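Secondary and tertiary structure notes
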Amino acid sequence: MPAPERIPTGSLTAVELLTKGELTVRGRIREASNAVLYCSVAYEGESAHCVYKPVAGERPLWDFPDGTLAQREVAAYEVGAALGWDLVPPTVLRDGPYGEGMVQLWIEQSAGDPEEGGLLALVDGEEPGEGWKAVGLADVGEGRTALLVHADDERLRRLAVLDAVINNGDRKGGHLLPTEGGRLYGIDHGVTFNVDDKLRTLLWGWAGEPLTEEAVAALTGLAAALAPGEPLATRLAELITAAELDALRGRVAGLLSDGVHRSPSGEWPPIPWPPV
């Protein structure tokens with residue numbers, strides 16, 4: 001697997017740099033619903049760019065406790081790393097210029113190869129075509145609909161498993177970051193780990209299909225790492241509630257028992273809005 005993007009090349013790991021480095025705010029990403037600051041971080045001669053989301057800049061949500069989104073982002077990184085796929089950029093919880101917040105390594109997104117068609121598309125007709133998986137029909141205006149599809153891509157498939165595990169309530173197209181190195185990262189994991197079923201995603205193309213052997217192996221390892229007293233379980237207990245940790249264990253057990261990718265529950269809108 002290609003190396004993570006823009007991680008320092010010296011003796012420091014990205015997590016150490018993000019945790020110990022001096023944060024300098026360079027700008028604000030204004031399209032975000034919460035406060036998202038573009039920063040540089042430097043420590044012992046190493047430097048990188050990163051995103052800083054202070055807890056003080058989080059908007060209240062009716063279905064999540066106030067001031068907990070940053071912790072959930074870190075928990076998503078920890079679970080992603082435990083699965084062995086490193087789908088979430090290195091992410092830490094630390095103090096910053098505007099108080100405690102989430103700090104995540106900046107990922108330089110690739111524009112992609114136009115001939116590959118990207119990761120998401122709208123197509124005419126009722127079938128997705130070779131190399132694509134159908135999500136559902138989308139209203140494209142003027143009384144027209146088109147079929148929303150995503151690539152039949154193993155990187156996306158891994159991300160679909162991660163989202164089912166962490167109960168991601170907001171997997172939009174804009175949260176998918178392919179890189180020049182061939183990796184795919186998922187970002188924006190603040191609305192995760194709810195005890196209620198909140199899964200909303202554009203990656204429903206494998207719904208009901210058997211999990212891959214790779215996914216079963218990864219989930220089996222994650223289940224072991226979530227056992228009480230294990231380092232991952234202890235770390236997550238600092239980031240999410242005891243009930244949320246139990247619900248996480250239940251989702252992993254359910255996936256392993258069923259052996260298939262999650263399908264929409266019918267009790268919650270399955271597609272995020274706006275989808276991008």
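These numbers come from a predicted model, not from an experiment.

Within the protein chain, the regular secondary structure consists of six helices and 10 strands. Relative to the globule expectation of 19 Å for 276 residues, the C-alpha radius of gyration of the protein chain, 19 Å, shows essentially globular dimensions. When its C-alpha atoms are laid out on the principal axes, the protein chain stretches across 55 × 40 × 40 Å. Considering the protein chain as a whole, with its 276 residues, one finds that 46% of them fall into the buried category. For the protein chain, long-range pairs separated by at least 24 residues make up 65% of all intrachain contacts whose partners lie at least 6 apart in sequence. Total accessible area on the protein chain is roughly 13300 Å²; 51% of this is exposed by carbon and sulfur atoms. Of the side-chain charges in the protein chain, 23 are positive and 42 negative, and the distance between the mean point of each set is 5 Å.

With that out of the way, let us pick up the environment of Ala247. For Ala247, the location among the structural elements is in helix α6 (residues 242-258). Sequence separation of Ala247 and Ala42 is 205 residues, and the distance between their C-alpha atoms is 38 Å.

What follows covers the nonpolar core. Residues Val79, Val165, Leu236 and Leu248 are the most contacted members of the largest nonpolar core, which totals 48 residues. Sorting elements by how many residues they give to this core places helix α3 (residues 154-166) first, with eight residues. Excluding its chain neighbours within four sequence positions, the residues that come into contact with Val165 are Val79, Leu219, Leu222, Leu248, Arg251, Val252 and Leu255. Counting 13 residues, the second largest nonpolar core, distinct from the first, contains Leu18, Cys39, Ala48 and Cys50.

Helix packing geometry: the angle between the two helix axes and the distance between the axes. Viewed as axis vectors pointing N to C, helix α2 (residues 69-83) and α3 meet at an angle of 130°, and their least axial separation amounts to 11 Å. Regarding the angle of α2 to α3, the classification is oblique. The chirality of how α2 crosses α3 is right-handed. Here Ala76, Val79, Gly80 and Leu83 of α2 lie close against α3, whose contacting residues are Leu162, Val165 and Ile166.

A few words on empty space enclosed by the protein. One pass over the full model with this rule turns up three cavities of 30 Å³ or more. Put simply, the largest cavity is a space of about 110 Å³. For the largest cavity, the lining is made up of 15 residues, of which Ala160, Ala164, Leu203, His261 and Arg262 are closest to its centre. For the lining of the largest cavity, the element with the most residues is α3, which contributes four residues. Partitioned by chemical class, the residues of the lining of the largest cavity number 10 nonpolar, three polar and two charged.

About the cut-offs
- Residues numbered from 1 in each chain as written.
- Predicted model: local features only at pLDDT ≥ 70, side-chain atom pairs only at ≥ 80, totals over all residues.
- Heavy atoms only, no water.
- Helix = DSSP H or I, 4+ residues; strand = E, 2+ residues; numbered from the N terminus.
- Rg over C-alpha atoms; globule rule 2.2 N^0.38 Å.
- Buried < 20%, exposed > 50% of the residue type's maximum accessible area, 1.4 Å probe, protein only.
- Contact = heavy atoms within 4.5 Å.
- Areas by Shrake-Rupley, 256 points an atom, 1.4 Å probe, with all protein chains shown as cover.
- Lys, Arg positive; Asp, Glu negative; His and termini not counted.
- Charge placed at Lys NZ, Arg CZ, Asp CG, Glu CD.
- Core = buried A, V, L, I, M, F, W, Y, C linked by side-chain atoms within 4.5 Å.
- Axes fitted to C-alpha atoms, helices over the stretch in contact; angles between N-to-C directions.
- Parallel < 35°, antiparallel > 145°, perpendicular 65-115°, else oblique.
- Left-handed = near helix turned anticlockwise from the far one by under 90°.
- 1 Å grid on protein atoms, 1.4 Å probe; cavity = no way out; pocket = protein on both sides within 12 Å on 5 of 7 lines; lining within 4 Å.
- Points joined across faces, edges and corners; volume = space filled by probe spheres on them.
- Nonpolar A, V, L, I, M, F, W, Y, C, P; charged D, E, K, R; others polar.

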